[in-house]
Amino acid sequence: MTATARPPATARSLGTAATAATIAALGFAVGLAGDACHVASGTTQYEWDGVPTIWRSAIWFPLMLTSAIVLAAWLAHRLDLPTTRVRTRADVVAGAAAVLALYALTAALRGEPTTVSVTLTAALAVLIWQWWDPGPGALIVGLGAAVAGPLVEIGVVAAGAASYADDSDGLAGVAPWLPCLYFAAGAVASGLWRAVSEPPASRGR
Amino acid sequence: MTATARPPATARSLGTAATAATIAALGFAVGLAGDACHVASGTTQYEWDGVPTIWRSAIWFPLMLTSAIVLAAWLAHRLDLPTTRVRTRADVVAGAAAVLALYALTAALRGEPTTVSVTLTAALAVLIWQWWDPGPGALIVGLGAAVAGPLVEIGVVAAGAASYADDSDGLAGVAPWLPCLYFAAGAVASGLWRAVSEPPASRGR
Amino acid sequence: MTATARPPATARSLGTAATAATIAALGFAVGLAGDACHVASGTTQYEWDGVPTIWRSAIWFPLMLTSAIVLAAWLAHRLDLPTTRVRTRADVVAGAAAVLALYALTAALRGEPTTVSVTLTAALAVLIWQWWDPGPGALIVGLGAAVAGPLVEIGVVAAGAASYADDSDGLAGVAPWLPCLYFAAGAVASGLWRAVSEPPASRGR
């Protein structure tokens, strides 16, 4: 490569809009598939008629999750939270797959005692955080998500828009393992903006 | 080490026959244990009497899986498919364990809604691919396996040699998550030939 | 850093007592949460009345596990067993989370056929070993734990202090997957002493 050579198209940085759109597409796909699992297992149920649905979700829910994940990724980037492990575009698929696997697992755990489902979900969420970026930045975003996400869902349930099954509503109407799932999603969301926007070349090596 | 020193026995390359035999032994062990899980959970059932069985399998099934895994590993090697992450002998046990864990998990997921079992199996299969070798070579072998494997099993079911349980036969007689399981096995099979045949020393460092 | 600069407090080595205490605290937490899962799922049951309990455990059980994990970690260190992958303080949380996840999973697998639960637990235990430290040192400690742990629990059951459920007592009164769980815990225990006692700086780069 000569000094004047331009990097190949795939090695260019993405702008703000393209980065946000990519993260939104990813978040929408994971949220849609994960929520379909919760509806299929009967863990959650939508209560309002006449709302457009997509797959098994009322349209507003995956949109809400998508907004949250884009916001979390953008905030972590803007606040310049420290990263311990730099993630690149090549890692984004694995990060999304890990969160989706945990999401689907919580559906499969329906009917398990709360102690079992919370301990297993929590241990796996910690493992996802430690694997994705075992530092304080991801921890902070994860903890923020673990508080904010369930609070919003508690509001959704209180408003009567959706409900958790009788055996899965022990945390003020939402599932007791819900903070663990949001923690994992938040931990992966941190570092996602940079991973998506920067070219793989900046990974070094 | 002097220029004339020979590498220790463990650091030698394996020939074609020894490599194929090693992969076959590994594939046979994983196939046998995984299939035993499916029979134990009632996910699958053998329909022909008088066929010799080994553990819980009709002898032809683990042999078929073994041939497929050796063929996939050899083809990926001969076609010189690109690898993103070079795997060595030291990694082979982990690769086999990951595929076997997913195999056994599909047995444990019997009775789950299709949405849940397919989403969870798919997410974990993508994770295995991304971990083992997150590149296009492993993707191609995985996708090939995800098409060919279930097609062969659909033929086996149509021939009446085996059957899937009523709650697990939604994909033309086989389980809807079956392509995901074959995808993970195929992804790991790619790169297996080189990992087994080359001495660990070629790993560098 | 000048030649006379002292390392920051977090970069100091821990002494024997502090290392043992840290490992004990970790082992106690994992043992307590894991055992709570087994009691919650009905996998195990305590039979003696009048023994102080903590969470869902009779006090002596997590203490026994704690002693075992400290002893295993110390022995592996004193015997200077070879390590393939050097683990540091930063890895300890992930190691504990992995063992706890497997512990909780065995509770969730209650009711599964023995073939399924043992195959899945064994494959994941091998994966944990291969990830934590894929060498002979961790293998030896894991195998030692896989023999000693279940033997002690068989003694506990024979003494009438605790029992496994009727569908989970196929190994002389204890669960058939119990050696796999102890294997994973033992594999992680190896290398734990050094990981906890040495400053992260010694990890190099």
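Relevant structure appears above.
I will try to describe carefully the structure that is included in this document. The structure displayed is predicted, hence computed values, not measured ones.

1. Some words on unusual backbone geometry
Inference 1: Unlike most non-glycine residues, Asp 80 of chain B shows phi in positive territory, near 55°.
Inference 2: As for its position among the elements, Asp 80 of chain B is in the loop between α2 (60–78) and α3 (89–108).
Inference 3: The phi torsion at Ala 172 of chain C lies on the positive side, around 55°, for a residue other than glycine.
Inference 4: Position of Ala 172 of chain C relative to the elements: it lies in the loop between β4 (162–164) and α6 (178–189).

2. Observations regarding the relation of the copies chain B and chain A
Inference 1: Least-squares fitting of chain B to chain A yields an RMSD of 0.0 Å, with the superposition described by an axial translation of 0.0 Å and a rotation of 120°. On this basis, the relationship between the two copies can be described by a three-fold rotation axis.

3. Let's talk about the interface of chain C and chain A
Inference 1: On the side of chain A, twelve residues touch chain C, which itself brings 18 residues to the contact.
Inference 2: Here chain C and chain A share an interface that buries about 1100 Å² over both sides, 78% of which is from carbon and sulfur atoms.
Inference 3: Linking chain C to chain A there are zero salt bridges.
Inference 4: Viewed at the interface, chain A and chain C are joined by zero residue pairs in polar contact (both at pLDDT 80 or more).
Inference 5: If you list the elements that add at least two residues to the side of chain C that touches chain A, you get α1 (16–40) and α3 (89–108) of chain C.
Inference 6: Per-class residue counts for the side of chain C that touches chain A are 16 nonpolar, one polar and one charged.

4. Notes on helix α3 (residues 89–108) of chain A
Since one α-helical turn is 3.6 residues long, residues separated by three or four positions face the same way.
Inference 1: End to end, α3 of chain A covers 30 Å across 20 residues, agreeing with the expected 28 Å (1.5 Å per residue, within 8%).
Inference 2: Across the 20 residues of α3 of chain A, 17 count as buried, placing the element largely inside the fold.

5. Let's talk about the environment of Trp 129 of chain B
Residue and element names in this part refer to chain B.
Inference 1: Here Trp 129 is to be found in helix α4 (residues 114–132).
Inference 2: In this structure Trp 129 comes out as buried when scored by relative accessible area, which is 12%.
Inference 3: Between the C-alpha atom of Trp 129 and that of Ala 184, which follows or precedes it by 55 residues, the distance is 6.2 Å.

6. As for the interface of chain B and chain A
Inference 1: The interface is formed by twelve residues belonging to chain B together with 18 residues belonging to chain A.
Inference 2: Summed over both partners, the interface of chain B with chain A buries about 1100 Å², with 79% contributed by carbon and sulfur atoms.
Inference 3: On the surface where chain B and chain A come into contact, there are zero salt bridges.
Inference 4: Linking chain B to chain A there are zero residue pairs in polar contact (both at pLDDT 80 or more).

7. Brief notes about the packing of helix α5 (residues 136–158) of chain C against α6 of chain C
Residues and elements named next belong to chain C.
Inference 1: Packing of α5 against α6 brings their axes to within 7 Å, and their N-to-C directions diverge by 135°. With respect to each other, α5 and α6 are oriented oblique. Both α5 and α6 take part in a crossing whose hand is right-handed. From α5, Ala 138, Leu 139, Val 141, Gly 142, Leu 143, Ala 145, Ala 146, Gly 149, Pro 150 and Glu 153 reach across to α6, where they touch Leu 178, Pro 179, Tyr 182, Phe 183, Gly 186 and Ala 187.
Inference 2: Looking at the contact of α5 with α6, its residues break down into twelve nonpolar, three polar and one charged.

The rules behind these values
Residues numbered from 1 in each chain as written. Chains lettered and ligands numbered in written order. Predicted model: local features only at pLDDT ≥ 70, side-chain atom pairs only at ≥ 80, totals over all residues. Heavy atoms only, no water. Helix = DSSP H or I, 4+ residues; strand = E, 2+ residues; numbered from the N terminus. Least-squares fit on C-alpha atoms with pLDDT ≥ 70 in both. Contact = heavy atoms within 4.5 Å. Buried area = accessible area lost by both parts, 1.4 Å probe. Salt bridge = Lys/Arg side-chain N within 4 Å of Asp/Glu carboxyl O. Polar contact = N/O pair within 3.5 Å; in protein donor to acceptor, adjacent residues only side chain to side chain. Nonpolar A, V, L, I, M, F, W, Y, C, P; charged D, E, K, R; others polar. Expected span 1.5 Å × (residues − 1). Buried < 20%, exposed > 50% of the residue type's maximum accessible area, 1.4 Å probe, protein only. Axes fitted to C-alpha atoms, helices over the stretch in contact; angles between N-to-C directions. Parallel < 35°, antiparallel > 145°, perpendicular 65-115°, else oblique. Left-handed = near helix turned anticlockwise from the far one by under 90°.

Distances and angles like these do not, on their own, reveal function.
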